[in-house]
Amino acid sequence: MSLLNSALTGLSASQKHLEVIGNNISNANTPGYSRQEVVVNSADSQFMGVGYVGSGVEITTIRRLYDRFATEQLRTDTQQFKGFESYRDNIDQINKLLGDERTGIGPVLTEFFSALQTASDSPGFIPAREAFLGSASVLQDRFNLVYERMDQQNTTINNQLQSFAGEVNTISQSIAQLNQDIANSVGDARRAPPNELLDKRDELVRQLSELVGVDVVEADGNYDVYIGSGQALVLGYEFNRIEVQPGIKDPSRFDLVYLNRKERTVVTDIVSGGQIGGVLKFRNENLDEALNYLGRVAIGVATAFNEQQAVGINLFGNFGSDMFTDYNDVALARGRVQYNFNNARPTDRVVEVYIRDINQLSTSDYEMRFTGPRDANYEIIRVDDGEVVSNGVISGERPATLSFEGVEVKLVSGSFQAGDRFLFQPTRSGARDFSQVLKQPAELAFAMPISGGASLSNQGTGDINQGVLLDANTDSFAVPGELSPPILVVFNTPTSYSLLDNSDPQRPRQLQPPMRNLPFTPGVANALFSNNVGETQVTSNAGWLPKVPFTQSASQPDFWPNNGFNAERVTFQTIGADGEPQLLERLSIPAGATAAEVAAAVSAISGVSARAFTEVELSNFQFASPPENGDLRTEIFINGVDITMLGETVGEVQGIFKPGFERDVPDPITPSFIAGRINSSYALEELGITAVSDGESVRIFSSTGEDIRIEYKGDRELGGAVGAGDSLEISNGQETFLDAIGADTRGLLSANRGFDFSDRGPYLYEFTTPYGDKASIELTDNYATGEELQLGIAQKIEAELASQERIKRNDPWLNGADAPGRVAVSIDERGNMSFKVVMKVEGLGENASQKLTMGGQVDVRMDEGISLASEPSYGNLFGGNPVAQPTFTGYQFEIDGRPEAGDRFNIGYNKDPSADNRNSERMIDLQTKKTLSGRDGGLNFNDAYSQLIQQIGLSTRQAQVNTDTSRVSLDQSVAAQQQVSGVNLDEEAARLVRFEQAYNANAQMIRIAQEVFNALLAAF
């Protein structure tokens, strides 16, 4: 019986082995199938007297060959590989899109500038202009195409997320069901393992890991599956879902949402691994970046060309209009804002994002958070790196504006509340919105609106360039087709010049603010105007003329009067961070301070600079005839230097005048001689004092602003009345123009004939006094001759000047100063009137001289937001609250070379734009100009685009390396897992033969047992 029993159990075991092997072979290619084997034990032996005799074999179980650690590693490597593979497949598409010459931006951008160069070479040639506009249209199409292709990828990713979410949910549900089935199977089969169910569950988890990174925890035989930061997809027999929805921050980019019975959580930023992790990584790190980079290039090209168009003029002589999209259109500004879905109700906020500085524009998005506890508290975070770029408290006024990194955010209206969030995407849609709006070739602004030229009568080698327009939105271009005003550059000396209003070329007048006696350095390029946009200027009053000069008696100690300026306290204020005025500095200026001293004190203040100069004009030279003392000659001293020194005296004193000076003193002394001697003096040169003469008068300048001291000695006229001897008249050089505001004299005024002002009046004229006050006169008399006319007008002006409070004799603040002696009126050939205030100095004989100290003028230039006020309000230096006038003209010119005194240069509006390509040349310069990424050293357009290609290419290569590496790791994990669990057909075939032999042997044992049994029966 023992033999038969052993044979039967052996036969049964062998049969089971053959069945399992057959099953293994059948499932050799079944995904997830683990090779199975029969587990057998020896059956219990029986004691037979002589010892224990075996009773065969028994089957314990059928087990699957499974290595937990190999399976987990396979799962990990699968989700990693699928993540890298998905990332690579997506980024490879935009790498090819951006880098291919047929689809990339680089080649068409190069062709665009090439066409511009051709058109610039012939600025008036319409076909070349049309070809350039055609290249602009191609550039538009290419920007739009690339954006559309990348935007399609975003749509594809949204669709993929929807599909992936559905697969994840299906697999999660199946895993939960298998957990239950496995638990039931174990219970029903007396804890025998349900191998096929276990394999199916492991395979589903592996398939799930292809979709998303998961963590699996085995508990009580169940698989609990988690994603992200611990969100459970499967818990025992229950499963949870993921869905997609329009993004909370950006509705165009779908979010992945985890749902269970208690919560609904956005997990887009916390899931990783698998195909879902790969596409999200691509979207967050590369697709968004590529769109932003591309958008910045598009915005940069459009904005730079629009700005350059705006400072040029077209073939019609008008300023250029936009060539491309205006990226600060209100609709586009509002489209850059994404409103967070979770913002508090009501949804009434209106926010706009404007591009203000393309050089500072980044490629990042920004998130604005109202952080609380007050509704006005906010911070703005750069999404790329999480840095806070702006924070503080929003004012209650609307609109409220915030500026950072080239962007201006305008909170237009609405109930902004703590907890609100807004996503700003300044460059995201830049390539989509790029559009050519200028269609007519004649409207291309290739010319500059300004031009400069030199007078043909100039004596020096000075040369003026053709200027650069900086800003067309200034008063200089308020009148279409004109420069307001045209400018006349007049060189007072080889080292100083003045800028005058040349609206009337016959009557150039002072600019507002005055720009006189500006320093010039010969031999180098000198910029004529200020480039400081917000800068303003206050100019002090010109040198003060006393009523009469000081008389110096030969018997009295030598004494010099001061310049007549009173003491003033000058206050500078700026605007603080809170928008309120804030004291910057307060200066106490003593009476009689020189302009140089005032300028030095003012220039020490932050944000303030000052320049000083002094000017004196000597004119109307008269000489006694006959003189009272025939041996007494006229002598003039300038700052202690006797410029009328006789030649033989000069020879005895070396180093007074330069070689080649005019040695012989003419009789009578001439203005030209005086100017020559001043310019030859070593001492006066060291003081910065120079002079020029037109033959009738001499103008003396101090470039440093030191006082100019004049002493005059001369003879009386023999037997004549007082004042009939040697004399001259002194003024501060300022000419004041009278502007008609009443009846028109029809150009009939002349210095050579009279005029009847009692007919067809009233004849009203206004002017600004030499001390900054507004004044006016009315002319009503009938003058018979030109001499009577000028005298009558002068008397009217003198009376008006005398009525001004500040120059009344009894004003203690003026140190006894009073109105000067005479008003000298001039009438030009066009009937325009002007005057100068002059004071007479005269010869008093050999025992006395007359002296005058002329103070200078100070130009105070202040940065934006700084203001100046002085006390007392009726002082004669700054005089209260002088008007600060802007110095920025919106254009710049340079003069180089070596101009001579009297040389002139004209600056005006360009009247021939068809032959001018100055502005198109500046457009060409944009190809190499570092217009973008100023915070990182600057990039031109091609470099910025190449940087994008380089970054995407580098990421693509890295993605390929990662994919290949993870493929190797996955293959190794598969091999390791298959080594344990996989079906090897050769091994199974060998085992099949082996157990077939065992089966046959057991059958043979049964036959033998039968024969023995039959023999035993036969024996009885």
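Preceding this section is the structure that the text describes.
No experiment lies behind these values; they were computed from the predicted model shown.

Peer 1: I tried to follow the overall build of the chain on my own but got confused; where do I start?
Peer 2: Counting its secondary structure elements, the chain contains 16 helices and 52 strands. Compactness check: the chain gives a C-alpha radius of gyration of 49 Å against a globular reference of 31 Å for 1020 residues, more than 25% above the reference. The C-alpha extent of the chain, read off along each of the three principal axes, is 195 × 65 × 60 Å. Here the chain holds 1020 residues, and 50% of them are scored as buried. Partitioning the intrachain contacts of the chain with sequence separation of at least 6 by distance along the chain shows that 70% fall at a separation of at least 24.

Peer 1: In this structure, what is going on with the side chain of Ser 870? I would like to understand it.
Peer 2: By the secondary structure assignment, Ser 870 is in strand β48 (residues 867–871). On the basis of relative accessible area, Ser 870 is assigned to the buried category, the value being 5%. One polar contact links Ser 870 to Glu 568, side chain to side chain, over a distance of 3.3 Å. Aside from chain neighbours lying at most four places away, what touches Ser 870 is Glu 568, Arg 569, Val 570, Phe 878, Gly 879 and Gly 880.

Peer 1: When you look at the sheet that holds strand β11 (residues 264–266) in this model, what are you seeing that I'm missing?
Peer 2: The pairing of strands in a sheet comes from backbone hydrogen bonds and takes either a parallel or an antiparallel form. Strand order in the open sheet formed by three strands is β9-β10-β11, with antiparallel pairing between adjacent strands. Every other strand in the sheet has two partners, leaving β9 (241–246) and β11 as the edge strands with one partner each. Between one strand and the next, the sheet's axes are offset by a mean angle of 35°, whatever the strand orientation. Where β9 and strand β10 (residues 254–259) come together, six bridges link them in antiparallel fashion. Counterpart to Glu 243 in the pairing with β10 is Val 257.

Peer 1: Looking at this structure, how should I read the pattern of salt bridges?
Peer 2: Scanning the model with the defined rule gives 40 salt bridges in all. Put simply, Arg 334 and Glu 352 hold a salt bridge, and the shortest N to O gap is 2.7 Å. Separated by 18 residues along the polypeptide, Arg 334 in helix α7 (residues 330–335) and Glu 352 in strand β13 (residues 350–355) bring together distant segments of the chain. With a relative accessible area of 39%, Arg 334 lands in the partly exposed category. Close ionic contact of Asp 739 with Arg 509 constitutes a salt bridge, the shortest N to O distance being 2.9 Å. Here the residue Asp 739 occupies a position in strand β39 (residues 739–740), and Arg 509 occupies one in strand β25 (residues 509–519), the gap between them amounting to 230 residues. By relative accessible area, which is 29% here, Asp 739 ends up partly exposed. One continuous salt-bridge network, built from bridges that share partners, spans Arg 253, Asp 288, Asp 365 and Arg 428.

Peer 1: Would you mind going over a nonpolar patch on the surface with me for this structure?
Peer 2: On the surface, Leu 3, Ile 1008, Val 1012, Leu 1016 and Phe 1020 cluster together to form a nonpolar patch covering roughly 520 Å² of accessible area. The greatest single-element share of the nonpolar patch, amounting to three residues, is contributed by helix α16 (residues 985–1019). Examined against the element boundaries, Phe 1020 turns out to sit in the segment after α16. On the accessibility criterion, Phe 1020 (86% relative accessible area) is exposed.

Peer 1: What's the story with the nonpolar core in this structure? I'm lost.
Peer 2: Taken as a class, soluble globular proteins show a tendency for nonpolar side chains to be buried jointly. Core analysis: the biggest nonpolar cluster contains 111 residues, and Phe 132, Ile 276, Phe 305, Met 323, Met 368 and Phe 424 have the highest contact counts within it. Among the elements that line this core, the one with the most residues is helix α4 (residues 126–188), at 20 residues. Other than its neighbours up to four places away in sequence, Phe 132 contacts Phe 112, Ala 115, Leu 116, Ala 119, Phe 305, Met 323, Leu 444 and Phe 446. In terms of nonpolar packing, the next biggest core, distinct from the first, is built from 50 residues, Ala 675, Leu 738, Leu 789 and Ile 797 among them.

Peer 1: How do you make sense of the pairing of β10 when you look at a structure like this?
Peer 2: Each regular strand carries side chains that alternate between the two faces of the sheet. For β10, the tally of buried residues reaches six of six residues, placing the bulk of the element in the interior. On β10, burial covers both faces: Phe 254, Leu 256 and Tyr 258 on one face and Asp 255, Val 257 and Leu 259 on the other are all buried. Sheet topology note: the β10/β11 ladder contains three bridges and is antiparallel. Considered in β11, the bridge of Leu 259 is made with Arg 264. Hairpin connection, β10 to β11: the antiparallel pair is bridged by four residues.

Peer 1: When you look at the sheet that holds strand β26 (residues 526–527) in this model, what are you seeing that I'm missing?
Peer 2: With respect to topology, three strands assemble into an open sheet ordered β21-β51-β26, the strand pairing being antiparallel. The sheet is open, and its two edges are formed by β21 (463–464) and β26, each paired on a single side. In this structure, β26 lies alongside strand β51 (residues 894–896), joined through two bridges in antiparallel fashion. By the bridge assignment for β51, Asn 526 is matched with Ile 895.

Peer 1: Teacher, can you tell me more about the packing of helix α2 (residues 68–99) against helix α6 (residues 274–310) here?
Peer 2: A pair of packed helices can be characterised by two numbers: the angle between their axes and the separation between those axes. At their nearest, the axes of α2 and α6 sit 7 Å apart, and the two run at 30° to each other. In the packing of α2 onto α6, the handedness of the crossing is right-handed. Residue-level contacts link Gln 79, Lys 82, Gly 83, Ser 86, Tyr 87, Asn 90, Ile 91 and Ile 94 of α2 to Gly 274, Gln 275, Gly 278, Val 279, Lys 281, Phe 282, Glu 285, Asn 286 and Ala 290 of α6.

Peer 1: Before we go on, may I ask you to explain the packing of aromatic side chains in this structure?
Peer 2: Where two aromatic rings form a pair, the distance of their centres and the angle of their planes describe that pair. What the rule picks out here adds up to 29 aromatic pairs. On the numbers, 6.1 Å between centres and 55° between planes, the contact of Phe 112 with Phe 324 is tilted. Linking Phe 112 in helix α3 (residues 106–121) with Phe 324 in the loop between α6 and α7, this pair joins segments that are 212 residues apart in sequence. With respect to burial, Phe 112 and Phe 324 carry one shared label: buried. Relative to Phe 324, the ring of Phe 305 has its centre 6.2 Å away and its plane inclined at 90°; by these criteria the two rings are edge-to-face. Here Phe 324 lies in the loop between α6 and α7 and Phe 305 lies in helix α6, a separation of 19 residues in the sequence. Sitting over the face of the ring of Tyr 66, Arg 64 holds its NZ or CZ atom 4.2 Å from the ring centroid. Positioned above the aromatic ring of Trp 560, the side-chain terminus of Lys 851 is 4.5 Å from the ring centre.

Peer 1: Can you help me understand the side chain of Thr 963 in this one?
Peer 2: When you line up the elements, Thr 963 lands in helix α15 (residues 941–981). For Thr 963, a relative accessible area of 2% gives the class buried. Here Thr 963 is in contact with Phe 81, Phe 84, Glu 85 and Arg 88, once residues within four sequence places are set aside.

Peer 1: Is there a simple way to think about the environment of Gly 481 in this case?
Peer 2: Take Gly 481: it is sitting in the loop between β22 (468–469) and β23 (487–493). The sequence separation of Gly 481 and Gln 93 amounts to 388 residues, and the corresponding C-alpha distance is 52 Å.

Peer 1: Hey, could you run me through α15 in this one?
Peer 2: An α-helical segment advances 3.6 residues per turn. Residues three or four places apart therefore align on the same side. The end-to-end C-alpha distance of α15 is 58 Å, a good match for the 60 Å that 41 residues give at a rise of 1.5 Å each. With a side-chain oxygen lying 3.1 Å from the backbone nitrogen of Asn 942, the N-terminal cap of α15 falls on Asn 940.

Peer 1: What is the right way to read the packing of α3 against α15 from this model?
Peer 2: In the contact formed by α3 and α15, the axes pass within 10 Å of each other and the chain directions differ by 175°. Between α3 and α15, the interaxial angle falls into the category roughly antiparallel. Within the contact between the two elements, α3 uses Gly 106, Leu 109, Thr 110 and Phe 113 and α15 uses Phe 941, Asn 942 and Tyr 945. Of the residues contributing to the contact of α3 with α15, the split by class is four nonpolar, three polar and no charged.

Peer 1: Where do I start with unusual backbone geometry in this structure?
Peer 2: Excluding glycine, residues mostly have negative phi values, and the peptide bonds linking residues are mostly trans. Look at the link from Asp 667 to Pro 668: it is a cis peptide, with omega at 5°. Relative to the elements of secondary structure, Pro 668 occurs in the loop between α10 (647–652) and α11 (671–680). Cis peptide bonds are those with omega within 30 degrees of zero, and the linkage from Gly 761 to Pro 762 qualifies with 0°. Structurally, Pro 762 can be placed in the loop between β40 (755–756) and β41 (763–768). Even without a glycine there, the phi angle at Asn 639 is positive, about 50°. On the basis of relative accessibility, which here comes to 13%, the residue Asn 639 falls in the buried class. Even without being glycine, Arg 760 reaches a positive phi, approximately 65°.

Conventions and cut-offs
Residues numbered from 1 in each chain as written. Predicted model: local features only at pLDDT ≥ 70, side-chain atom pairs only at ≥ 80, totals over all residues. Heavy atoms only, no water. Helix = DSSP H or I, 4+ residues; strand = E, 2+ residues; numbered from the N terminus. Rg over C-alpha atoms; globule rule 2.2 N^0.38 Å. Buried < 20%, exposed > 50% of the residue type's maximum accessible area, 1.4 Å probe, protein only. Contact = heavy atoms within 4.5 Å. Polar contact = N/O pair within 3.5 Å; in protein donor to acceptor, adjacent residues only side chain to side chain. Pairing = 2+ DSSP bridges. Axes fitted to C-alpha atoms, helices over the stretch in contact; angles between N-to-C directions. Salt bridge = Lys/Arg side-chain N within 4 Å of Asp/Glu carboxyl O. Patch = residues over 30% accessible without salt bridge, like charges linked within 9 Å, V, L, I, M, F, W, Y side chains within 5 Å. Areas by Shrake-Rupley, 256 points an atom, 1.4 Å probe, with all protein chains shown as cover. Core = buried A, V, L, I, M, F, W, Y, C linked by side-chain atoms within 4.5 Å. Left-handed = near helix turned anticlockwise from the far one by under 90°. Phe/Tyr/Trp six-rings, centres within 6.5 Å; stacked < 30°, edge-to-face > 60°. Lys NZ or Arg CZ within 6 Å of the ring centre and 35° of its normal. Expected span 1.5 Å × (residues − 1). Parallel < 35°, antiparallel > 145°, perpendicular 65-115°, else oblique. Nonpolar A, V, L, I, M, F, W, Y, C, P; charged D, E, K, R; others polar.

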